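The primary structure of each chain is shown beneath.
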Amino acid sequence: MSSIAVGEDTRVTLHFSLALADGSVVDSSYDAKPAVFEFGDGQLPDGFQSYLIGMQAGQEGEWQVPPEKAFGMPNPNNVQEFKRSVFSPDMELAEGLVVSFADASKSELPGVIKGFDDQQVIVDFNHPLAGETLTFKAKILEIEAL
């Protein structure tokens, strides 16, 4: 086993899981193909990546990640009201439905419908995990120098 550790200029292969405070798992690679990321490439948010620095292949860890290091706190400005007429009349609206919008730069921006009536629709553009403290588990399988 090499002594290379997770850090700058490494490619990391790992299994991970994210769980809510109640223990429900929202994402996991343990029953699937391991995840691979290059340190600092943005695939793994910095807040999660920071817990892995210095770990070596074969090591495991579990951390409580506060919202500030995970997906941030919900921003009330990210909850928007739209006229019902903006949505197709045959569209079945439901609370919790994820709808895709184009932002100013024509990028896709998902929003979650929080409420609606015949006149308006309330859409939340906050990340669905904003405000959550998450349990982050990781098992480092392999580390390669780049």
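Our subject in this report is the structure included herewith. Bear in mind that the values here come from a model prediction, so they are computed numbers and not experimental data.

What counts and how
- In this convention, every chain numbers its residues from 1, walking through the sequence in written order.
- Note on the predicted model: pLDDT of at least 70 is required for a residue's local features to be given, and 80 or more for side-chain atom pairs to be given and counted; whole-chain, interface and lining totals, by contrast, use all residues.
- The side-chain quantities take in all heavy atoms of the structure and omit both hydrogens and water.
- Numbering of helices and strands starts at the N terminus; helices are DSSP runs of H or I of at least 4 residues and strands are runs of E of at least 2.
- Restricting the calculation to C-alpha atoms gives the radius of gyration, and the globule rule supplies 2.2 Å times the number of residues raised to the power 0.38.
- Here's how the labels work: a residue is buried when its accessible area is under 20% of the maximum for its type, exposed when over 50%, partly exposed in between, all with a 1.4 Å probe on protein chains only.
- Contact between two residues is taken to exist if any of their heavy atoms lie within 4.5 Å; hydrogens are not considered.
- Each accessible area value is a Shrake-Rupley result obtained with a 1.4 Å probe; residue values ignore everything except the protein chains displayed when judging cover.
- Counted charges follow a simple rule, with Lys and Arg positive, Asp and Glu negative, and His plus the chain ends left uncounted.
- A single reference atom marks each charge: NZ on Lys, CZ on Arg, CG on Asp, CD on Glu.

Concerning the overall build of the chain
Argument step 1. The helix and strand inventory of the chain stands at one helix and nine strands.
Argument step 2. In the chain, the succession of α and β elements from N to C terminus is β-β-β-α-β-β-β-β-β-β.
Argument step 3. Its C-alpha atoms give the chain a radius of gyration of 19 Å, clearly above 15 Å, the size a compact globule of 146 residues would have.
Argument step 4. Its C-alpha atoms put the chain at 65 × 35 × 25 Å along the principal axes.
Argument step 5. Across the 146 residues in the chain, those meeting the buried criterion constitute 34%.
Argument step 6. Taking as baseline every contact in the chain between residues at least 6 positions apart, the subset at least 24 positions apart corresponds to 61%.
Argument step 7. Accessible area of the chain: about 8,900 Å², with a carbon and sulfur share of 49%.
Argument step 8. Across the chain, the centroid of the 9 positively charged side chains sits 2 Å from that of the 23 negatively charged ones.

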